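Residues per chain are reported as follows:
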Amino acid sequence: MKIAVLPGDGIGPEIVAQAAKVLEALRSDGLKIELEYAHIGGAGYDAAGDPLPDATLKLAQQSDAVLLGAVGGYQYDTLARPLRPEQGLLRIRKGLNLFANLRPALLYPELASASTLRSEVVSGLDIMILRELTGDIYFGQPRGIRNLENGERQGFDTMLYSESEIRRVAHVGFQIAMKRNKKVCSVDKANVLDTSMLWREIVTEVAKEYPAVELSHMYVDNAAMQLVRAPKQFDVIVTGNIFGDILSDEASMLTGSIGMLPSASLDANNKGLYEPCHGSAPDIAGKNIANPLATILSVAMMMRYTFAREDIAQRIEGAVRKTLQKSLRTADIAEAGMQKVGTDAMGDAVVAAL
Ligand code: IPM
Ligand code: MG
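The rules behind these values
- Residues numbered from 1 in each chain as written.
- Chains lettered and ligands numbered in written order.
- Predicted model: local features only at pLDDT ≥ 70, side-chain atom pairs only at ≥ 80, totals over all residues.
- Heavy atoms only, no water.
- Helix = DSSP H or I, 4+ residues; strand = E, 2+ residues; numbered from the N terminus.
- Rg over C-alpha atoms; globule rule 2.2 N^0.38 Å.
- Buried < 20%, exposed > 50% of the residue type's maximum accessible area, 1.4 Å probe, protein only.
- Near = heavy atom within 4 Å.
- Polar contact = N/O pair within 3.5 Å; in protein donor to acceptor, adjacent residues only side chain to side chain.
- Areas by Shrake-Rupley, 256 points an atom, 1.4 Å probe, with all protein chains shown as cover.
- Salt bridge = Lys/Arg side-chain N within 4 Å of Asp/Glu carboxyl O.
- Expected span 1.5 Å × (residues − 1).
- Arc of directions from axis to C-beta.
- Contact = heavy atoms within 4.5 Å.
- Pairing = 2+ DSSP bridges.
- Domains from an automatic or database assignment.
- Buried area = accessible area lost by both parts, 1.4 Å probe.
- Phe/Tyr/Trp six-rings, centres within 6.5 Å; stacked < 30°, edge-to-face > 60°.
- Lys NZ or Arg CZ within 6 Å of the ring centre and 35° of its normal.
- Axes fitted to C-alpha atoms, helices over the stretch in contact; angles between N-to-C directions.
- Parallel < 35°, antiparallel > 145°, perpendicular 65-115°, else oblique.
- Left-handed = near helix turned anticlockwise from the far one by under 90°.
- Nonpolar A, V, L, I, M, F, W, Y, C, P; charged D, E, K, R; others polar.

### Some words on the overall build of the chain
And step 1. Of the regular secondary structure elements, the chain holds 12 helices and 14 strands.
And step 2. Here the chain has a C-alpha radius of gyration of 20 Å; the compact-globule value for 354 residues is 20 Å, and the two agree.
And step 3. Dimensions of the chain, computed from the C-alpha atoms along their principal axes, are close to 60 × 50 × 40 Å.
And step 4. When each of the 354 residues of the chain is scored for burial, the buried share is 55%.

Written out as structure tokens, the structure is:
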């Protein structure tokens, strides 16, 4: 298992260090794991003047999987767009053709009261959000800021989806649903956007190949509401890049904290990049208070999807669960009567439970 490790910025290095401990524990157990580190994001800019240095992309291409922390920091906010940390992330997703982004919103029973929603609304929650990751308004051309004749400036972006892009992510959605509760909800804005009209048409077509799966469609504004009103109605949500970006942040709060949400970004051959859904949280970087569980759970997803080792995935998830059962909590999920621990101690506790 050759794994490229890209800690990135902000809390990235701290949380990735905990996930690396888990990988090292698995290695001393006999798994053939090889870790190689490289820079991305602001760290890439600092080291090589590029948020995705050539060496990093090359390493990622040569590896079986990539473990990534997070990118972004205040000190990079004034850089020109191509040099910004986020570009490193977007370019590696595109460069590796990672079009299928799996973001599971799973509520650990131990955290039922950590959610801002009433526990009966979220208890037992298990949703898979499948976000298309290499198309849409994120990558559509043309885009820019232009000068109008009347002297003011105008910003513009282009929302784009081709049939083949919609089709391949729809297939992934139905295949995931086949292994779950066989329900797919496709989220779009087909009442307004042409892109969404095509999206809906193609998803409906693909659904015919999966007669066992029940397909429904929902407008994104309604989906945003339904996610907090009655989230358990969903099994698999499949949606485009920008809607998925927004809905997955929303869904994370159902689980208590965005600090709990892992993700997998896969290409057509299950090569993947694994990262927590949260960002670099520069305000708490270096303080040893960030929650490393989303990153550790991302390693579980790596074992499941890239290495087809469901047994190890479950072992890691079981260790996380055990740690939560011991009432250890980082600040973001802390509740009265629980033992508040730092990033490092949380990582150690998971390794011990493993
Ligand atoms: C995410 C993040 C990224 C995105 C940013 C950092 C570019 O919000 O992974 O959800 O918008 O995709
Ligand atoms: Mg996001």
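Now, onward.
### A closer look at the site of ligand 1
And step 1. Lining the immediate surroundings of ligand 1 are Glu86, Leu89, Arg93, Arg103, Arg131, Tyr138 and Asp245.
And step 2. Between ligand 1 and arginine 131, the relevant distance is 2.8 Å, taken from an oxygen atom to a side-chain nitrogen or oxygen of the residue.
And step 3. About the coverage of ligand 1: the protein hides 77% of its 320 Å² of free accessible area.
And step 4. Among the elements that make up the shell around ligand 1, the one with the highest residue count is helix 4 (residues 85–95) (3 residues).

### Examining the pattern of salt bridges
And step 1. In the structure shown here, the tally under the stated rule is 20 salt bridges.
And step 2. Between lysine 2 and glutamate 34 there is a salt bridge, with its nearest N and O atoms 3.8 Å apart. Placement of lysine 2 in strand 1 (residues 2–8) and of glutamate 34 in strand 2 (residues 34–37) is noted, with a sequence separation of 32 residues between them.
And step 3. A salt bridge links arginine 200 to aspartate 188, with the nearest nitrogen and oxygen atoms 2.9 Å apart. Linking arginine 200 in helix 7 (residues 194–207) with aspartate 188 in strand 8 (residues 183–188), this pair joins segments that are 12 residues apart in sequence.
And step 4. Taking the relative accessible area as the measure of exposure, aspartate 188 reaches 1% and is therefore buried.

### Regarding helix 7
And step 1. Look at helix 7: 20 Å from first C-alpha to last across 14 residues, which is about the 20 Å you get at 1.5 Å a residue.
And step 2. All of the buried residues in helix 7 are Thr195, Ser196, Trp199, Ile202, Val203, Val206 and Ala207. Taken down its axis, helix 7 places every buried residue within 140° of arc, on the same side.
And step 3. For helix 7, the elements touching its buried residues are strand 5 (126–132), helix 6 (163–178), strand 8, strand 9 (214–219), strand 10 (236–239) and helix 9 (241–252).

### Considerations on the pairing of strand 10
And step 1. Burial along strand 10 is two-sided: the face carrying Val236 and Val238 and the face carrying Ile237 and Thr239 are both buried.
And step 2. Summarising the sheet, strand 5 and strand 10 pair through 4 bridges and their orientation is parallel. Note that in strand 10 the partner of methionine 128 across the bridge is valine 236.
And step 3. Looking at chain direction, strand 8 and strand 10 are connected through 4 bridges and run parallel. Pairing of valine 184 across the sheet is with valine 236, part of strand 10.

### Some thoughts on the domain arrangement of the chain
And step 1. Domain boundaries assigned for the chain yield domain 1 (1–102 + 268–354) and domain 2 (116–255).
And step 2. The C-alpha-based centres of domain 1 and domain 2 are spaced at 24 Å.
And step 3. On the side of domain 2, 14 residues touch domain 1, which itself brings 11 residues to the contact.
And step 4. Surface buried jointly by domain 1 and domain 2 totals about 1,300 Å² across both partners, of which 65% is contributed by carbon and sulfur atoms.
And step 5. Broken down residue by residue, the surface that domain 1 buries against domain 2 is led by Lys94, Phe99 and Asn101, which jointly contribute 46%.
And step 6. Put simply, domain 1 and domain 2 have 0 salt bridges between them.
And step 7. One can count 3 residue pairs in polar contact (both at pLDDT 80 or more) joining domain 1 with domain 2.

### Some thoughts on the packing of aromatic side chains
And step 1. Under the criterion given, the structure shown has 3 aromatic pairs.
And step 2. Ring centres 6.3 Å apart and planes at 80° place the aromatic pair tyrosine 45 and tyrosine 76 in the edge-to-face group. Separated by 31 residues along the polypeptide, tyrosine 45 in helix 2 (residues 42–48) and tyrosine 76 in the loop between strand 3 (65–70) and helix 4 bring together distant segments of the chain.
And step 3. Judged by its relative accessible area of 26%, tyrosine 45 falls in the partly exposed class.
And step 4. Over the face of the ring belonging to phenylalanine 139 we find lysine 94, whose NZ or CZ atom lies 4.8 Å from the ring centre.
And step 5. Above the plane of the ring of phenylalanine 156 lies arginine 146, whose end atom (NZ or CZ) is 3.8 Å from the centre.

### Notes on the packing of helix 6 against helix 7
And step 1. Running from N to C, helix 6 and helix 7 cross one another at 45°; their axes reach a closest spacing of 9 Å. Viewed along their axes, helix 6 and helix 7 adopt a mutual orientation that is oblique. Considering only the axes of helix 6 and helix 7, their crossing is right-handed. Across from Glu163, Ile166, Arg167, Val169, Ala170, His171 and Phe174 in helix 6, the residues of helix 7 making contact are Leu198, Trp199, Ile202, Val203, Glu205, Val206 and Ala207.
And step 2. Split by residue class, the contact of helix 6 with helix 7 holds 10 nonpolar, 1 polar and 3 charged.

### Details of unusual backbone geometry
And step 1. Each neighbour pair has its own omega, and for glutamine 141 with proline 142 the value is 0°, a cis peptide bond.
And step 2. Residue position: proline 142 is located in the loop between strand 5 and strand 6 (144–147).
And step 3. With a phi angle near 40°, alanine 281 is a residue other than glycine that sits in the positive phi range.
And step 4. Take alanine 281: it is sitting in the loop between strand 12 (272–274) and helix 10 (293–305).
And step 5. Take alanine 281: its relative accessible area is 24%, and that puts it in the partly exposed class.
And step 6. Backbone geometry places serine 327, a non-glycine residue, at a positive phi of 65°.
And step 7. As for its placement among the helices and strands, serine 327 is situated in the loop between helix 11 (310–325) and strand 13 (328–329).
And step 8. Among the residues examined, serine 327 registers a relative accessible area of 25% and is labelled partly exposed.

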